[in-house]
Structures are given as structure tokens and as C-alpha cells.
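Fold and contact review
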Protein chains: 2
Amino acid sequence: MTAKAASAQTIGVFGLGSMGFGIASSILAGGFRVFGFDPNPDAVSNLIDSGGESGDPVSLAPGLDVAVIVVVNSSQTEDVLFGSDGIAPQLKSGSTVIACATVAPRFARDMEKRCNELGIHYLDAPISGGSIKAAAGQLSVMASGAEAAFDGCGPVLDAMAETVFRLGDSAGAGSAMKVVNQLLAGVHIAAAAEAITFGITQGIEPEDCVAVIAQCAGTSWMFENRGPHIAQGDYSPHSAVDIWLKDLGIVLDIARGEKFSAPLTAAALQQFIAASGSGLGREDDAAVAKVYARNAGITLPGVE
Amino acid sequence: MTAKAASAQTIGVFGLGSMGFGIASSILAGGFRVFGFDPNPDAVSNLIDSGGESGDPVSLAPGLDVAVIVVVNSSQTEDVLFGSDGIAPQLKSGSTVIACATVAPRFARDMEKRCNELGIHYLDAPISGGSIKAAAGQLSVMASGAEAAFDGCGPVLDAMAETVFRLGDSAGAGSAMKVVNQLLAGVHIAAAAEAITFGITQGIEPEDCVAVIAQCAGTSWMFENRGPHIAQGDYSPHSAVDIWLKDLGIVLDIARGEKFSAPLTAAALQQFIAASGSGLGREDDAAVAKVYARNAGITLPGVE
């Protein structure tokens, strides 16, 4: 079956947090009819103000061509699809699920199997890029799935993403790559915090540290992105500390199962756990710097 | 005193390893007269083939306007300047030492003081960029020192470097920034190795891992630079494993002195120590991946 033209497709977006709302907005901007669903009524009404629609997911599901699931983790993903009010049994045959949460590859393969059994295509499609890129339709998508799954949602992917990596012909490969990305991203955030606070002990202003290192071999995407949060003392959450308890936890669960020793990931996770345990779980993940600073008796910019 | 024109200045380069040889070549290309010194006669004769000169450092030192010291560590730096055949007592008043090794800021301040007492300017000038950029005159230099030190060697710095960060008016600040850079760079190399080998457990080919992650938020300068070494199984040394035993050791020595807890640096150092301890100390630092692979029973590309 050929995908319908964009203007004729109806899309449901499940989860309207910072990423999901941006994705829904991008898909709207792509000319689709978009229904959005979220437990938070403010998010839903914001989407309606932007031209989206909403309603009861179970009764609307049969009208959807594509369901994009942008929730936090595997248990929420499973709940959207197969929970007591799950939509999978309601979705029409030939429709496509785009699953965006960071999950273990094994979970993605299980969801694919259960959706396929209902005649529904499943695209394992974790995303990278942050809320600003989500809103601009410029995400990176690490996708794997059957050709029919890609065919069923190509124009929607195009509306969401600047880059779609096509990593394999079944679910699991996309999630595997995303998990590797999260390993690095989480370690790099903690490393940025470690380096900037260490620099303070040596008389280096965080602002100067960020400006110089960004042009040297020590830089990383996360250093350049999160370093300014520390230098400016701005911990309003783009991506929260608690995300890393989940994502680095996924890495280490898989690693333990594979008997793979991952000492940097383990060290980074401990720093995020300390941040969350000291009440910073909902702050921006750059707030892991506060753990380093407190442990060393250092004052950070903008932090009392 | 104004610096002489480039063509009239005579430069000594002490240490002709991969970085020093490239720096000497860049300075030659800048039109200077260059004397090079190294215990390895092949390095010296290669420099002479490139248009450089050599001889006895103690007797040649009085003729130098600038002495660039590109040795491995603080003890070699001190030996070049103040050892039994040290050049500092021979250098003429008003000449400038450019000290490039990665050292503790306190050591740089001590060297500056001792040089100044002899009427010699001292520039604390650690470098970043690797041997290819060294040979192209495109290094980053993290420099601090008195205005007279900068004035005494401006054209030489310009020949060596694409970017000169001017970080303060006395020695120490340059070394401090370099140490922060090395913290990040060392952690990022180990993280790249951890991520790529972890990816292998999930069925991700290292080559694909490098290609995809380089375009995602998990990337780093080191991931993009060293990742291909792992993917191609090429461990011919650009920067050796043992460099990180030294440089992360400097970070952790300083950190302990400051009572600064640096768990990621500590974890990364342990992986480099395991690499060195298992006989990989002189291989490219990407060989830290072999520790991860061996510990997980994984086979890396190009490794038996």
C-alpha cells in the first residue's frame, strides 16, 4: 500500500512533553492533520491553539494512519499501545507506529512483534537533538524496521527529522544505536561538569573554559551545549537530570546482561544519582555540576 | 626591546618527537633559522634534511632568540632548562622560552620564576591539536605569560599556531587550561572506546557507529578522531596510551591536592593503566578499546 499524500494522512502524537510537543508542531507544519494526547491538559490545549486536535485516544485510534509515541520510557510506551486503554487493538491494519522513547533493543523487538501480530507496522525510531530541534523538525532519527514501516510513515519522518538513519530492517537496531549515543552523551555531560568545576579550582572562569575548550581537542557536542548552562548558572530544564538515571540505567542493565564492563558510564550514573538524590532531579542535567561543586566546596556562577 | 624580523631570529627546538618535529618544520617554513635537538639522531638528521641545523645545545644556546621546549613532561622540561647540561644559564638576557609540555600550573610558575631570575622571558604555552596540525603550523596554543614573553616570540607563535589563546599575564593559566583540556580529551577517548565496544555487543559495526554518532549529540572531537582508528583496526601511534597515564595522572594529582573528586577522570585513567599494563602503552591511545574488548570477550576489527 502506498502512503497517502501528507495532507490526507492523520497522525496521532502520544506524549506532548518538550520533545512530543515539538514533534507534533513539526508534523502540523508539514501539512498533516494531527491529534495530540497527553495527561497534561495545558499541553493539549497549547497544541489545539497551534492547530492540532485532541479527544479520546481509544475512539480516535481507528482513524490514525500513523501513531507517534513520544513518551519517557518502555513502560509508558507499552501502556500507550497495550495498556488497559491501549491503542494497538484499535489501530487499523496497515497503520504505522513510530516509537521514539529510548528503550532497550529487546523491548523494541518485542513491541514490533506484538504490533505485527495485529497487522500494524512498527518503526523503532529513537530521536536525538533536543526540544529546539524537535520544534524545528530537525531531529535525528535512528530508525530501524521493515520496509513497509518506513513506507507507511516516510512523509511524517521527513516532517520530524533533518536526518533519518536507516539502521536495519527490523526493530532493535535503532534502539541499540540510541543507547550507544546516550552512553556517550551522559558521560560527556558529567565530564563537562567535572572539567568546568575542576577548572574553577585552577582559577579558570567557567565562561573562559567553555570558550577555549570548544576550540580544542577536549570538546564535545554536550560540552558546547551544556557548558554555557553552567557558565551562565541557568539550570532551567531542557533535558533533566533524571533522564540520565533512566538512560544510563538502560545502558548498564544491558551491559551487565552482556557481561560488558562500562566503568565510565557507571561513574557518570553515580554522579547523576547524587544530583537526583540531593533534590536536583528535575533541573537541567548540567546541574550535575552542582554535585562536583558541593563535593569540592566550590561556588558556581549563579548558584548560592 | 622589539622582536627581530622573523628572518633575523634564531630558534632552538628542544625535542623532535611527533609534535616537536612538526613544530620545528612549521617554524622553518615561517622563514626562521632553526636548530633542533633530540637524543634520537634520526629525528635530528630528518630535520637537517628539511633545512634545519643542529649541534651542541649548551654552546649554541647563547645564539638563540627563542627556545621552544617540546618534551614529554615537567622533569624533561626542567632538565632541558636547568639540568646538568641545561640551557637556561647559557641563554642570553631577553631571550624567550616557549614551554609546550603538559605540566602542572605550579611547575610552570616555578619555571617562570627561575627563568625570570636569569633575565629570560618564559611563556607557559601548552599545545593542542596533534602531530598533523603541528606539521601544518595549525596548533592551538594555550598561552600565558608576561607581555614581554609574548612580545619576544610573537612571530614564532604565529608560525606554530592557528590559534593562540592569551590566557593571562603570568605562567600557570595556560597550563591550567591545558590540564582541563586533557581531562576531557582523556575521558572522551576512553568513552569512545567504551561506546564503540558496547555497540559491538548490540550488533552495531564500529564503522556504522562512528558514522552515525558523529552526527548526533553523543559526538566529541576525540570520538570523531579516534573512533576511525578502532573501526579500521589501526593502532599505529599518533598519541600513545602512555601519554594518558601521565596527563590524567597530572589531573588527579592536582585534584587530590584541591580535594576535588573527579570520578570520570579516575575511571578513564584506570582503563589507560590497564591498557599500558597489558603491553599497549606505546600503541595509539585508541588501543584502550582493546581493554574493553578483552574484558567482554569481544573481537575488534583488525585485532586477532
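Keep in mind that this is a model prediction, so the values were computed, not measured.

We now examine the overall build of chain A. Looking only at helices and strands, chain A features 13 helices and eight strands. Compactness check: chain A gives a C-alpha radius of gyration of 20 Å against a globular reference of 19 Å for 304 residues, within 12% of the reference. With the C-alpha coordinates aligned to their principal axes, the bounding extent of chain A is approximately 65 × 45 × 35 Å. For chain A, the accessible area works out to roughly 11,400 Å², and carbon and sulfur atoms hold 49% of it.

Further remarks concern helix H5 (residues 105–117) of chain A. Given 3.6 residues per turn, any residue in an α-helix points the same way as the ones three and four places further on. All names here are of chain A. Taking 1.5 Å per residue, 13 residues should reach 18 Å; H5 reaches 19 Å between its end C-alpha atoms and fits that length. Buried within H5 we find Pro105, Phe107, Ala108, Met111, Glu112 and Cys115. On an axial view of H5, the arc spanned by its buried residues comes to 155°, and they lie on one face. Summarising the geometry of H5, the exposed residues directed more than 90 degrees from the buried face are Arg106, Lys113 and Glu117. Following H5 by one or two positions, glycine 119 has its phi on the positive side, about 80°.

Residues and elements named next belong to chain A. Counting buried positions along strand S1 (residues 10–14) yields five of five residues, so the element is predominantly enclosed. Every second residue of S1 is oriented toward a common face, with Thr10, Gly12 and Phe14 on one face and Ile11 and Val13 on the other, all of them buried. Relative to strand S2 (residues 33–37), S1 runs parallel, the two sharing five bridges. Looking across to S2, one finds that valine 13 is bridged to glycine 36. Each parallel crossover has a hand, and the one from S1 via helix H1 (residues 18–29) to S2 is right-handed.

Okay, helix H11 (residues 241–257) of chain B next. For H11 of chain B, spanning 17 residues, the distance from its first C-alpha to its last is 25 Å, which sits close to the expected 24 Å at 1.5 Å a residue. Where H11 of chain B is concerned, the buried positions are Val241, Trp244, Lys246, Asp247, Leu248, Gly249, Ile250, Val251, Ile254 and Ala255 of chain B. Buried residues along H11 of chain B sit in contact with helix H8 (173–201) of chain A together with helix H5 (105–117), helix H8 (173–201) and helix H12 (263–280) of chain B. Phi for lysine 259 of chain B, located one or two positions after H11 of chain B, is positive at around 55°.

The subject of this paragraph is the interface of chain B and chain A. Contacts between the two partners involve 59 residues from chain B and, on the opposite side, 59 residues from chain A. Taking both sides of the interface into account, the surface hidden between chain B and chain A amounts to around 4,800 Å²; carbon and sulfur atoms contribute 75%. Of all residues in chain B, Phe198, Phe260 and Leu264 of chain B bury the most surface against chain A, accounting for 15% of the area lost on that side. One can count zero salt bridges joining chain B with chain A. Residue assignment for the side of chain B that touches chain A shows that the elements contributing at least two residues are strand S7 (139–143), strand S8 (161–166), H8, helix H9 (206–213), helix H10 (221–232), H11, H12 and helix H13 (288–296) of chain B. Here the side of chain B that touches chain A gets 19 residues from one element, more than from any other, and that element is H8 of chain B. Residue composition of the side of chain B that touches chain A, by class: 38 nonpolar, 17 polar and four charged.

Let's shift gears to the sheet that holds strand S6 (residues 127–128) of chain A. All names here are of chain A. One open sheet accounts for three strands, arranged S6-S7-S8; its pairing is mixed. In this open sheet, the two strands that pair with only one neighbour each are S6 and strand S8 (161–166). Here five bridges tie strand S7 (residues 139–143) to S8, and the two strands are oriented parallel to one another. Opposite valine 141, over in S8, you have valine 164 as the bridge partner. Lying on the sheet, H8 is in contact with S6 and S7; it crosses S7 at an angle near 130°.

With that settled, consider the sheet that holds strand S6 (residues 127–128) of chain B. All names here are of chain B. Spatial strand order, S6-S7-S8: three strands in an open sheet with mixed pairing. Lying at the two open borders of the sheet, with one neighbouring strand each, are S6 and S8. Where helix H7 (residues 147–160) meets the sheet, it contacts S6, S7 and S8, and its direction lies at approximately 155° from that of S8.

Bringing the relation of the copies chain B and chain A into the picture now. Between chain B and chain A, the superposition needs a rotation of 180° and an axial shift of 0.0 Å, giving an RMSD of 0.0 Å. When the rotation and shift are considered jointly, the pair of chain copies conforms to a two-fold rotation axis. For chain B, the minimum C-alpha distance to the rotation axis belongs to serine 220 of chain B and amounts to 1.9 Å. When you check the interface residues of chain B against chain A, 100% turn up at the interface there too, and the contact is symmetric in its surfaces.

All names here are of chain B. Among the structural elements, phenylalanine 35 can be located in strand S2 (residues 33–37). With 155 residues separating them along the chain, phenylalanine 35 and alanine 190 place their C-alpha atoms 37 Å apart. If we ignore the near neighbours within four places in the chain, the residues touching phenylalanine 35 are Thr10, Ile11, Gly12, Val13, Leu47, Glu53, Ser54, Leu60 and Leu64.

Below, the discussion takes up the pattern of salt bridges. On inspection of all chains with the given rule, the structure shows 17 salt bridges over all chains. For the salt bridge of lysine 246 of chain A with aspartate 247 of chain A, the shortest nitrogen-to-oxygen distance reads 2.4 Å. One exposure class covers both lysine 246 of chain A and aspartate 247 of chain A, and it is buried. The closest approach of N and O atoms between arginine 114 of chain B and aspartate 110 of chain B, which form a salt bridge, is 4.0 Å. A residue pair is termed a helical-turn pair when its members lie 3 or 4 positions apart in one helix, as arginine 114 of chain B and aspartate 110 of chain B do in helix H5 at four residues. Its relative accessible area of 27% is what places arginine 114 of chain B among the partly exposed residues. The structure contains a network of salt bridges with shared partners spanning Glu78, Asp110 and Arg114 of chain B.

Further remarks concern unusual backbone geometry. All names here are of chain A. Even without a glycine there, the phi angle at lysine 259 is positive, about 55°. On the secondary structure map, lysine 259 appears in the loop between helix H11 (241–257) and helix H12 (263–280). On the basis of relative accessibility, which here comes to 68%, the residue lysine 259 falls in the exposed class.

Reading the values: the criteria
- In this convention, every chain numbers its residues from 1, walking through the sequence in written order.
- Chain letters and ligand numbers both follow the written order, the letters beginning at A and the numbers at 1.
- Where totals are concerned, whole chains, interfaces and linings use all residues; where local detail is concerned, this predicted model gives features only for residues with pLDDT of at least 70, and gives and counts side-chain atom pairs only at 80 or more.
- Each side-chain value is worked out from all heavy atoms of the structure, with water and hydrogens disregarded.
- Under the DSSP-based scheme used, a helix requires at least four consecutive residues in state H or I and a strand at least two consecutive residues in state E, with every element numbered from the N terminus.
- The reference for a compact globule is 2.2 Å times residues^0.38; the radius of gyration itself is calculated from the C-alpha atoms.
- Residue exposure ignores everything except the shown protein chains as possible cover, and the areas themselves are Shrake-Rupley values with a 1.4 Å probe.
- The span one expects for a helix is its residue count, reduced by one, times 1.5 Å.
- The buried label goes to any residue with under 20% of its type's maximum accessible area, the exposed label to any with over 50%, and the partly exposed label to all in between, with areas taken from a 1.4 Å probe on protein chains only.
- The arc in question is formed by the directions pointing from the helix axis toward the C-beta atoms.
- DSSP-based pairing: two strands are paired if at least 2 bridges between them are found.
- By definition, the crossover connecting two strands over a helix is right-handed if that path, from the first strand to the second, turns clockwise as seen with the strands pointing away from the viewer.
- By definition, residues are in contact when any of their heavy atoms lie within 4.5 Å.
- Note: buried area is the sum, over both parts, of the accessible area (probe 1.4 Å) each one loses when the two are combined.
- For salt bridges, the criterion is a side-chain nitrogen of Lys or Arg within 4 Å of an Asp or Glu carboxyl oxygen.
- Polar here means any residue other than Ala, Val, Leu, Ile, Met, Phe, Trp, Tyr, Cys and Pro, which are nonpolar, and Asp, Glu, Lys and Arg, which are charged; Gly is therefore polar.
- For every element, the axis is a line fit to its C-alpha atoms; helices are fit only across the contacting stretch, and the angle between N-to-C directions ranges from 0 to 180 degrees.
- Here the copies are superposed with least squares, the fitted atoms being C-alpha atoms of residues at a pLDDT of at least 70 in both.

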